[in-house]
Amino acid sequence: MQIVGVDSSSKSPGFFKFHLDENLNITKKEYLGFYCYSIPKRNKNFVVPKFENIISYNEDLDFYNRVFLFKQYIKDFLKDVAYISFEDYAFGAKGNLTELAEICSMIKLLALENGTKLRLISPIQNKQFAGNYKAKKPDMFDFYMKENDKIDLSHLPQIKVRAKGKNIGERDENGIAPLSDIIDAYYLCKLLHYELNAKRDETFLNSISSFEKHVLTHTTPINKIPLYKREFVYIK
């Protein structure tokens, strides 16, 4: 069985996949991402950056051509995927929400048409599951670096350190694409993996950290059913 975590964005959507055996043990991990590059002026020797499992494209590509570029790779990556954990929209999100919404819808529809079951996770839930609900992109990177059996992402562009201003020496809290998108997608996939384990056997909840368990079992006046007991979104 294959499951995927999706951190969607208008320019660098990130995907992380776990291959699972019949006992839900991870047998393989892989990822897909997109890197938006610009061609420096007066640079005749410019070479298009290439990274493993990352699709590079020119930032001058207009929105619709960009979406079609994304789609051809995403469709193949999501083929035969049983479950997807998708980061839902952030409250107070900034940026071009129109483009983000259209790309999110495209990915969701591709998944649902395949018969994939969908789980929506809030950004706060994903951060809390990783280790801290107030976590910024650099914090998520730090959490990832402590993971066992992780995929090496050191070949990707790394988070920049501010060279001037009052925050000089600090890492950019916005992270960097595609690294930060891939890491967020990893935790969405890991959360989904834990949810499937808890659905199969509730005693699994006793083997994970308190903050991971909290995300899976927490209820609110709006969501009275804990995450690991909720139904998935799918087309009947």
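About the criteria used
Residues numbered from 1 in each chain as written. Predicted model: local features only at pLDDT ≥ 70, side-chain atom pairs only at ≥ 80, totals over all residues. Heavy atoms only, no water. Helix = DSSP H or I, 4+ residues; strand = E, 2+ residues; numbered from the N terminus. Rg over C-alpha atoms; globule rule 2.2 N^0.38 Å. Buried < 20%, exposed > 50% of the residue type's maximum accessible area, 1.4 Å probe, protein only. Contact = heavy atoms within 4.5 Å. Areas by Shrake-Rupley, 256 points an atom, 1.4 Å probe, with all protein chains shown as cover. Polar contact = N/O pair within 3.5 Å; in protein donor to acceptor, adjacent residues only side chain to side chain. 1 Å grid on protein atoms, 1.4 Å probe; cavity = no way out; pocket = protein on both sides within 12 Å on 5 of 7 lines; lining within 4 Å. Points joined across faces, edges and corners; volume = space filled by probe spheres on them. Nonpolar A, V, L, I, M, F, W, Y, C, P; charged D, E, K, R; others polar. Phe/Tyr/Trp six-rings, centres within 6.5 Å; stacked < 30°, edge-to-face > 60°. Lys NZ or Arg CZ within 6 Å of the ring centre and 35° of its normal. Core = buried A, V, L, I, M, F, W, Y, C linked by side-chain atoms within 4.5 Å. Pairing = 2+ DSSP bridges. Axes fitted to C-alpha atoms, helices over the stretch in contact; angles between N-to-C directions.

### Digging into the overall build of the protein
When you go through the protein residue by residue, the secondary structure sums to 6 helices and 6 strands. For the protein, the succession of helices and strands along the chain, N to C, is β-β-β-β-α-β-α-β-α-α-α-α. Relative to a compact globule of 236 residues, whose C-alpha radius of gyration would be 18 Å, the protein shows 18 Å and is just as compact. When the 236 residues of the protein are sorted by exposure, 47% land in the buried category. Within the protein, counting contacts between residues at least 6 apart in sequence, those at least 24 apart form 60% of the total. When the accessible area of the protein is evaluated, it comes to approximately 13400 Å², of which 50% is carbon and sulfur surface.

### Points about the side chain of glutamine 2
Mapped onto the elements, glutamine 2 comes out in strand β1 (residues 2-7). For glutamine 2, a relative accessible area of 18% corresponds to the buried category. A distance of 3.1 Å separates a polar atom in the side chain of glutamine 2 from a polar atom in the side chain of lysine 17. Residues contacting glutamine 2, with those up to four places away along its chain left out, are Lys17, Phe18, His19, Lys79, Asp80, Val81, Ala82 and Tyr83.

### Structural notes on the layout of surface pockets
Gaps between atoms show up when a probe of the same size as a water molecule is rolled over them. Of the volumes computed, that of the second largest pocket is approximately 430 Å³. Looking at the lining of the second largest pocket, the elements that each hand over two or more residues are β6 (117-121), α3 (123-130) and α6 (210-217). Take the lining of the second largest pocket: its biggest share by element is 4 residues, from β6. Of the residues contributing to the lining of the second largest pocket, the split by class is 7 nonpolar, 7 polar and 3 charged.

### Quick look at the packing of aromatic side chains
Counted according to the given criterion, the structure contains 16 aromatic pairs. Look at tyrosine 57 and phenylalanine 70: their rings are 5.6 Å apart centre to centre, the planes differ by 75°, and that puts the pair in the edge-to-face class. Of the two residues, tyrosine 57 is situated in strand β4 (residues 54-58) and phenylalanine 70 in helix α1 (residues 63-77); the sequence distance between them amounts to 13 residues. The exposure class of phenylalanine 70 is buried, given its relative accessible area of 0%. Seen in terms of ring centroids, tyrosine 186 and tyrosine 187 are 4.9 Å apart; in terms of plane orientation they differ by 80°. Their pairing is edge-to-face. There is no split in this pair, since tyrosine 186 and tyrosine 187 are both buried. Positioned above the aromatic ring of phenylalanine 77 is the side chain of lysine 17, whose terminal nitrogen or guanidinium carbon lies 4.2 Å from the ring centre.

### A closer look at the nonpolar core
Counting 44 residues, the largest nonpolar core has Ile3, Phe16, Leu153, Leu179, Ile183, Tyr187 and Leu216 as its most contacted members. No other element matches helix α5 (residues 179-200), which puts 13 residues into this core. Not counting the four nearest positions on each side in its chain, phenylalanine 16 is found in contact with Ile3, Val4, Gly5, Lys29, Glu30, Tyr31, Tyr144, Ile151, Ile182, Ala185, Tyr186 and Cys189. Among the nonpolar cores identified, the runner-up in size contains 26 residues, and Phe15, Leu69, Phe70 and Val81 belong to it.

### Section: the sheet that holds strand β5 (residues 83-87)
If you walk across this open sheet you meet the 6 strands as β4-β3-β2-β1-β5-β6, and the pairing is mixed. Two strands close off the open sheet at either side, each with one partner strand: β4 and β6. Adjacent strand axes in the sheet meet at a mean angle of 15° when their direction is disregarded. Pairing analysis gives 6 bridges linking β1 to strand β2 (residues 14-20), with the strands arranged antiparallel. Bridge pairing in β2 places aspartate 7 opposite glycine 14. Along the sheet face, α1 touches β1, β2, β3 (26-37) and β4 and points at about 175° away from the line of β3. Helix-sheet contacts for α3 involve β5 and β6, and the interaxial angle to β6 is about 85°.

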